[in-house]
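Each chain, written out:
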Amino acid sequence: MPVLFAFREDRFGFRFEVGEGVLLGRSPECDLILFDRATSRKHARILKSDDGYILEDLGSTNGTQHNGQRLVGSTPLKRNDEIRVGQEVFLFDPDLDVAVGREGAVLIVGEVDESPEGVVTASGEIDLASLDRPALAPLFQVALAMANRPSKGRVLKQAAYALTRIFGATGLALLWPESLYAERLTAFLSRPEGRRLSIPRPLANLALKDGKAAIWPHALDQLNFVNGSRQLEQTDSSAMVAPLKAQEGRVGLLYVESTERRYTSKDLNFLVGLAGLVGPALVNASLIAQLENRLADEEQELSSGGSFMGNENAIRALLGTASQVALTDTRVLLTGEVGTGKEVLARRLHSLSHRKRGPFVAINCSTVPSGQLESALFGQEAGAMSEDGVPGLLEKADGGTIFIRHVDHLSLAAQVELLRAIEEGLVYRVGSSLPRPSNFRVVTSSSRDLWFMVQEGEFREDLFMRLSEVTLEMP
């Protein structure tokens, strides 16, 4: 199925499946809601035809650009076509994947030579017999440093140090799921900062799908799209990749490239050994963080109690409906009086869903000062107060469920960011323009009539429609 791929530095990671068609604009009725005020309410649409897909401008005020030209009427679409709507830039169905992170985005690029001359492949398991004795010391030092401080930040710093010093890397990347239950890969490392790394898809697939390590004779550079044509250059840099493995099928990769040396089979074996340390260390760090969060959640649950208030028959009917809704990813709005057990029901929805092994996080918007609410939800970028930044609850809910109590207390600005996170599956920390992927289910509650607030201009209609796919009223 073709996709629209956002091709802008602060939008990498967003892709939208076109299906039979898609309506773009600012209206809540649009399939793909755009947040740029330069776009019209119903700006443009893409329709499936017998011969492919067609892009049509819907009489928008500022126009729709197709491959650098203002569109009049409609035009057929082909792979890699550029579509500009306001400030938004989309590519139509490029052979691209992307992993985003704090240090930048890493692109996985298709439509390249599947097996160029000079490729060397190896098992994803280290060959100890072939490992040079001098190589054992740095591996031991890395293992010791990771064991002494089993935090994700420490693991990443040690991995970056080893890749740079041992392999002379002028470019490196570490791709790994953001959490234990996430599916999408995140670029935990992407160096040098400010340069967008591109990894050939066949090379990435060797690690991610086949579990193999490989040397690639040429690195990729300067990927651009101009007027519907892809421009891609190769460099003389040697590149290597090794799989990062963990239990339950989770995989990632380590990638290095260098303009200073040509990698050998011994280098590749050493990279496999380093990957064998990094993968389990990342899992252990995530498990420790998850355990700490779970203990905190259990303490919070015990202190808050957990029961329903109301008519017994009505509660039984409510729970029956909730058990059916829980099996889907439908967003749920809980309404009713204060103290009727909304959070208890939200936890039940989570525990009965396919996300039950993921995190459950909750926030009461009425108790968080307005100046701190956005940081609590979306996180805070690294700065003077925190070297690694502070993840928000939407990041922590990756793979699980977030319950937002008193969603009616959100400011209009926070409503925009929440809607964007729901639509795109991307979270922007306060103070950052780099997106972070997060796959979460949203359950919200309100003691006020949100539809009345919509009519009064106090709550966004498009957000209300997204949050209230199913409404459950507490008895």
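Conventions and cut-offs
- Residue indices follow the written sequence of each chain, beginning from 1 at its first position.
- The model is predicted, so local features are restricted to residues of pLDDT at least 70 and side-chain atom pairs to those at 80 or more, both for listing and for counting; the totals for chains, interfaces and linings are taken over all residues.
- Working from all heavy atoms in the structure, the side-chain values ignore hydrogens and water.
- Secondary structure counts use DSSP, requiring at least four H or I residues in a row for a helix and at least two E residues in a row for a strand, with both numbered from the N terminus.
- Whether a residue is buried, partly exposed or exposed follows from its accessible area with a 1.4 Å probe, protein chains only, as a fraction of its type maximum: under 20%, in between, or over 50%, in that order.
- Contacts: residue pairs with any heavy atoms within 4.5 Å of one another.
- Throughout, the Shrake-Rupley method with a 1.4 Å probe supplies accessible areas, and for residues the shown protein chains are the sole cover considered.
- Counted as positive: Lys and Arg. Counted as negative: Asp and Glu. His and the chain ends are not counted at all.
- Charge coordinates come from a single atom per side chain, which is NZ of Lys, CZ of Arg, CG of Asp or CD of Glu.
- Multiplying 1.5 Å by the residue count of a helix minus one yields the expected span of that helix.
- Between any two strands, pairing holds if DSSP finds at least two bridges.
- Note on geometry: axes are lines fitted to C-alpha atoms, helical ones only across the stretch in contact, with angles between N-to-C directions running from 0 to 180 degrees.
- The term nonpolar core refers to a set of buried residues drawn from Ala, Val, Leu, Ile, Met, Phe, Trp, Tyr and Cys, joined through side-chain atoms within 4.5 Å.
- It is the directions from the helix axis to the C-beta atoms whose arc is reported.
- Only centres within 6.5 Å qualify two rings of Phe, Tyr or Trp (six-membered ring in Trp) as a pair; their planes then separate them into stacked at under 30 degrees, edge-to-face at over 60, and tilted for everything else.
- Any Lys NZ or Arg CZ that is within 6 Å of a ring centre and within 35 degrees of that ring's normal is treated as a charge sitting over the ring.

(A) Highlighting the overall build of the protein chain. The secondary structure content of the protein chain amounts to 11 helices and 31 strands. Put simply, the protein chain has 475 residues, and 52% of those count as buried. Summarising the internal contacts of the protein chain: among those between residues at least 6 apart in sequence, 65% fall at separations of at least 24. For the protein chain, the accessible surface area stands at approximately 21,900 Å², while carbon and sulfur atoms represent 48% of it. Side chains of the protein chain carry 51 positive and 62 negative charges; the gap between the two charge centres is 3 Å.

(B) Quick peek at helix 2 (residues 152–167). Compared with the 22 Å implied by 1.5 Å per residue over 16 residues, the 22 Å span of helix 2 between its first and last C-alpha is a close match. Taken together, the buried positions of helix 2 are Val155, Leu156, Gln158, Ala159, Ala160, Ala162, Leu163 and Phe167. Two residues or fewer past helix 2, Gly168 is found with a positive phi of approximately 60°.

(C) The arrangement of the pairing of strand 6 (residues 52–57) in detail. Bridge analysis of strand 5 (residues 44–49) against strand 6 gives 6 bridges, and the strand direction is antiparallel. Bridge pairing in strand 6 links Arg45 to Glu56. The hairpin turn running from strand 5 into strand 6, its antiparallel successor, is 2 residues long. By the bridge criterion, 4 bridges tie strand 6 to strand 9 (residues 74–77) in an arrangement that is antiparallel. Across the sheet, the residue bridging to Glu56 is Ser74, located in strand 9.

(D) View of the sheet that holds strand 27 (residues 401–405). Ordered by their spatial adjacency, 5 strands build an open sheet running 24-27-30-23-31, and the pairing between neighbours is parallel. Each edge of the open sheet carries a strand with a single partner, namely strand 24 (360–364) and strand 31 (470–473). Taken pair by pair, the neighbouring strands of this sheet meet at an average axis angle of 20°, ignoring direction. In this sheet, strand 27 lies alongside strand 24 in parallel orientation, the contact comprising 5 bridges. Paired with Val361 across the strands is Ile402, a residue of strand 27.

(E) Broad picture of the sheet that holds strand 10 (residues 82–85). With respect to topology, 6 strands assemble into an open sheet ordered 2-1-11-10-7-8, the strand pairing being antiparallel. Every interior strand has two partners, whereas the edge strands, strand 2 (15–17) and strand 8 (69–70), have only one. Here 3 bridges tie strand 7 (residues 64–66) to strand 10, and the two strands are oriented antiparallel to one another. Its bridge partner lying in strand 10, Thr64 is registered against Val85.

(F) Main features of unusual backbone geometry. In this structure, the amide linkage connecting Arg191 to the following residue, Pro192, adopts the cis form with an omega of -5°. Positionally, Pro192 belongs in the loop between strand 16 (185–191) and strand 17 (197–200). Positioned with a positive phi, Asn67 is a non-glycine residue whose angle comes to about 50°. In this structure, Asn67 sits in the loop between strand 7 and strand 8. A relative accessible area of 12% means that Asn67 is categorised as buried. At Asn80, a residue that is not glycine, the phi angle is positive and equals roughly 75°.

(G) View of the nonpolar core. Residues Leu174, Leu274 and Val278 are the most contacted members of the largest nonpolar core, which totals 34 residues. Among the elements of the structure, helix 1 (133–148), helix 2, strand 15 (171–177), strand 16, strand 18 (212–216), strand 21 (238–245), strand 22 (251–258) and helix 4 (265–304) are those that each provide at least two residues to this core. Examining the composition of this core, we find that 10 residues originate from one element, helix 4, more than from any other. One finds Ile402, Leu418, Met453 and Leu467 within the second-largest nonpolar core, a separate group that totals 32 residues.

(H) Inspection of helix 7 (residues 370–378) at higher detail. When we look at burial in helix 7, the residues that qualify are Leu373, Leu377 and Phe378. Each buried residue of helix 7 sits inside an arc of 95° when the element is viewed along its axis, so together they form one side. On its buried face, helix 7 sits against strand 24, strand 25 (379–380), helix 8 (393–396), strand 27, helix 9 (412–424) and strand 28 (426–428). Looking one or two residues past helix 7, Gly379 carries a phi angle of roughly 95°, positive in sign.

(I) Spatial organisation of the packing of aromatic side chains. The full count for this structure, using the stated rule, is 6 aromatic pairs. Plain terms: the ring middles of Phe7 and Phe12 are 5.3 Å apart, the flat faces sit at 85° to each other, and that makes the pair edge-to-face. Accessibility assignment for this pair places Phe7 and Phe12 in one class, buried. Ring plane angle 80° and centroid distance 6.5 Å describe the contact between Phe167 and Tyr263, whose orientation is recorded as edge-to-face. Residue Phe167 is found in helix 2, and its partner Tyr263 is found in the loop between strand 22 and helix 4; the two are separated by 96 residues along the sequence. Tyr263 carries the same exposure label as Phe167, and that label is buried. Through pairs of rings, three or more aromatic residues link up here, namely Phe7, Phe12 and Phe225. We note Arg420 situated over the ring of Tyr428; from NZ or CZ to the ring centre the distance is 5.8 Å.

(J) Layout of the pairing of strand 18. Buried residues dominate strand 18, accounting for 4 of its 5 residues. Looking at chain direction, strand 14 (residues 120–123) and strand 18 are connected through 4 bridges and run antiparallel. By the bridge assignment for strand 18, Ser123 is matched with Lys212. Examined bridge by bridge, strand 18 and strand 21 share 3 bridges and lie antiparallel to one another.

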